[in-house]
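Results of the structural survey
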Number of protein chains: 2
Amino acid sequence: MSKPVKSTDREQAVLNLVFAALSDPVRREILTRLDGEELLVSELAQPFDISLQAVSRHIQVLVRAGLITQERTGRISRCRLDAEPIASAAGWINQYAKYWQQQFDTLVAFLPELDNSNTEDDSHGHDHSEDENQRD
Amino acid sequence: MSKPVKSTDREQAVLNLVFAALSDPVRREILTRLDGEELLVSELAQPFDISLQAVSRHIQVLVRAGLITQERTGRISRCRLDAEPIASAAGWINQYAKYWQQQFDTLVAFLPELDNSNTEDDSHGHDHSEDENQRD
DNA sequence: TTGATATTCAACCATATGATTGAATGTGCG
DNA sequence: CGCACATTCAATCATATGGTTGAATATCAA
């Protein structure tokens, strides 16, 4: 239950941007689709119902958060995941994840039908997802 | 570099709320202060410059995201961390953290003094944060 | 009951966000 | 050159967010 360390304002600003960027499902899906390959703006935009311009702005939000970079060659712009700021976010969240996970394990111990094997990183498929914990 | 799994709409909704909740520094600090102890709304509010009412609403945002719970006894309301939804967020982000961290390591291998340009305080300090960008 | 305390609710305001459409920029190519 | 293409910029709109102050609710205590 170690207390998280205090961060600088700068780190806080990064976390603000990163978490805000991650709070939108379109942007998360963009990141998902960029996992492992580079894509053009137009390719990224294609599956979405919103306009290309809207996607372009989502991409800019991700760029500002440092989560992706764009490399423009000619008139096309390739997007790829970038590494740095997510480490801050992952670091921050994982401090809590430890505590939360521990609490979660306790919870699971009381609710045996939930699979408690996700204490570690099989979490790709983590499936305690019948949450009725949030509204709306 | 395994592709992340598709999530349900419900999971997406949880992630929306959780990441949005985490995007505010006041709320993150509330969580930080709740790591290991329960606190009253008024105790939580005390170090902040904003009104008690504003803090109360931040707390409600965290409750809606499932990150904390409030237990009211009499006129006081104790807040404590809650476990479940953060597991989703941690799971989600960690899928990427692996990829990102690997990329980051590669980057660092090429640029041993990566951050001497502008960053100072730790290994992933990153500097595009003179930030003008979000509301607060 | 009266009054102080703890918290929430409500109304309001300023700003941010996400979407749209239309115009602008810039590049590739016939 | 002149036009199609890829992307961004700009204006606009509706809604969400975060802050304020003041009132309401509820509990404790004298």
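Note that this is a predicted model, so its numbers are computed, not measured.

1. Quick notes on the confidence of the model for chain A
Residues and elements named next belong to chain A. Scored by pLDDT, chain A comes out at a mean of 72, with 55% of its residues at no less than 70. For chain A, per-element mean pLDDT is lowest for helix 5 (residues 84–110), which scores 56, and highest for strand 1 (residues 39–40), which scores 98. Taken together, the stretch residues 103–136 has pLDDT below 50 and engages in 51 contacts with residues farther than four places along the chain or on a different chain.

2. Let's talk about the pattern of salt bridges
All names here are of chain B. Applying the stated criterion across every chain yields a total of 2 salt bridges over all chains. In this structure, the salt-bridge partner of glutamate 38 is arginine 80, at a minimum N-O distance of 3.9 Å. Note that glutamate 38 is positioned in the loop between helix 2 (25–33) and strand 1 (39–40) and arginine 80 in strand 3 (residues 76–81), a separation of 42 residues in sequence. A residue is classified by how much of its surface remains accessible, and glutamate 38, at 37% relative accessible area, is partly exposed.

3. Considerations on the pairing of strand 2 (residues 68–73) of chain B
Pairing of strand 2 of chain B with strand 3 of chain B involves 6 bridges; the strand directions are antiparallel. The residue bridging threonine 73 of chain B from the neighbouring strand is isoleucine 76 of chain B, located in strand 3 of chain B.

4. Points about the packing of aromatic side chains
The geometry of an aromatic ring pair is captured by two quantities: the separation of the ring centres and the angle between the planes. This model, assessed by the stated rule, comprises 1 aromatic pair over all chains. With centroids separated by 6.1 Å and ring planes inclined at 25 degrees, the aromatic side chains of phenylalanine 19 of chain A and phenylalanine 19 of chain B adopt a geometry described as stacked. Separated into two different chains, phenylalanine 19 of chain A in helix 1 (residues 9–22) and phenylalanine 19 of chain B in helix 1 (residues 9–22) make up a pair that spans both.

About the cut-offs
Residues numbered from 1 in each chain as written. Chains lettered and ligands numbered in written order. Predicted model: local features only at pLDDT ≥ 70, side-chain atom pairs only at ≥ 80, totals over all residues. Heavy atoms only, no water. pLDDT = per-residue confidence, 0-100. Helix = DSSP H or I, 4+ residues; strand = E, 2+ residues; numbered from the N terminus. Contact = heavy atoms within 4.5 Å. Salt bridge = Lys/Arg side-chain N within 4 Å of Asp/Glu carboxyl O. Buried < 20%, exposed > 50% of the residue type's maximum accessible area, 1.4 Å probe, protein only. Pairing = 2+ DSSP bridges. Phe/Tyr/Trp six-rings, centres within 6.5 Å; stacked < 30°, edge-to-face > 60°.

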